[in-house]
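An overview of the molecular structure
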Amino acid sequence: MIKVNQNYVDAAGKTLAEYLGTTSYDIKRIAVEINGQIVPKAEYAGTLLKDGDVVEVVSFVGGG
Amino acid sequence: MSIPSEDSMHAALVARHGEQNQKKISAATVAICGLGGIGSNVAVSLARAGIGRLILIDFDRVDVTNLHRQQYKAAQVGQLKTQALRDNLREIAPYVDICVHNVKLDADNAADYLSDADIVCEAFDNAECKAMLAECVLAQFKDKYLVACSGMAGFGSVNAITTRRISPRFYLSGDLKSDVNDGIGLVSSRVMLCAAHQAHTILRIIIGLTDV
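Calculation notes
- Residues numbered from 1 in each chain as written.
- Chains lettered and ligands numbered in written order.
- Predicted model: local features only at pLDDT ≥ 70, side-chain atom pairs only at ≥ 80, totals over all residues.
- Heavy atoms only, no water.
- Pairing = 2+ DSSP bridges.
- Helix = DSSP H or I, 4+ residues; strand = E, 2+ residues; numbered from the N terminus.
- Axes fitted to C-alpha atoms, helices over the stretch in contact; angles between N-to-C directions.
- Contact = heavy atoms within 4.5 Å.
- 1 Å grid on protein atoms, 1.4 Å probe; cavity = no way out; pocket = protein on both sides within 12 Å on 5 of 7 lines; lining within 4 Å.
- Points joined across faces, edges and corners; volume = space filled by probe spheres on them.
- Nonpolar A, V, L, I, M, F, W, Y, C, P; charged D, E, K, R; others polar.

Sheet architecture is open: 5 strands sit in the order E2-E1-E5-E3-E4 (chain A), paired in mixed fashion. Each end of this open sheet is capped by a strand with a single partner; those strands are strand E2 (7-9) and strand E4 (37-39) of chain A. For this sheet, the mean angle separating the axes of adjacent strands, direction not counted, is 35°. Alignment of strand E3 (residues 30-34) of chain A against E4(A), held across 3 bridges, turns out to be antiparallel. Residue pairing in the sheet places A:Glu33 in a bridge with A:Ile38 of E4(A). Contacts between helix H6 (residues 127-140) of chain B and the sheet are confined to E3 and E4 of chain A, with E4(A) contributing the most and set at about 130° to the helix.

Our next topic: the layout of surface pockets. One water molecule sets the probe size; rolling that probe over the atoms shows where empty space is left. Residues and elements named next belong to chain B. If you add up the space inside the largest pocket, you get close to 330 Å³. In terms of lining, the largest pocket is formed by 22 residues, of which the most central are Asp58, Phe59, Asp60, Lys81 and Asp125. Here the lining of the largest pocket is composed, by residue class, of 8 nonpolar, 6 polar and 8 charged. Considering only enclosed or pocket space, the second largest pocket measures out at about 270 Å³ in volume. Taken together, 15 residues form the lining of the second largest pocket, with Met9, Leu13, Gly50, Tyr95 and Val96 sitting closest to its centre. Broken down by secondary-structure element, the contributors of at least two residues to the lining of the second largest pocket are helix H1 (6-17), helix H2 (19-27) and helix H3 (37-48). Among the elements that line the lining of the second largest pocket, the one with the most residues is H1, at 4 residues. Each residue belonging to the lining of the second largest pocket can be placed in one class, and the counts come to 8 nonpolar, 5 polar and 2 charged.

This is the structure in structure tokens:
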């Protein structure tokens, strides 16, 4: 299991890109950290989610 | 027109913030990316607090639709935001060092303009630009803090605006959901509230209070 935004998710073994593909996140509007480290978008497809990873998906909305 | 001396303005800040805290604030450099409702209000707060140096970045001009929430004057419509805000800040806090860049930041050039900053304030209005800047700052600068915002449109509760520390160098203020693109207008008081969260978080980081 991995933890995404405080919730346990059965996504260990998937790449970050594969996991995000199962969600409704708009890739262009998010920033993702795994275990406190930012993951650039170019690395989503090559980043393997491991058991125990703590993932934060920050999804931005417009306005400022 | 005479204005107070630098020494007297500094002394007034020391009396309120404490000597050690003011020393840190006066030595800090903050880059503000986007000079709209968030960025212009953060800039005013930090300038009043006696920040050492502000790097102000925006490519846009003041528009009549900005005046209800942004720190510009009616007579400044049409001016570059960088220059108009610098002029206004100089009236408010004449001894703050202000550097302006009239440029549209993107993934390729952002690092060039942010390298001197201790802390980067993300104050864009566009969600994709916000995500781009977060990725850029956190990936390219391992020593900088990012204080970003998401969700402050509309007449929602003041108490829905919070600040979270996503990771040690990444803070996020806002209600995380009120999207201006959902047809919710930006309301001055709530935008200023979110800007105050960010400005205060920046000051706390500078004086060493990194929790939220």
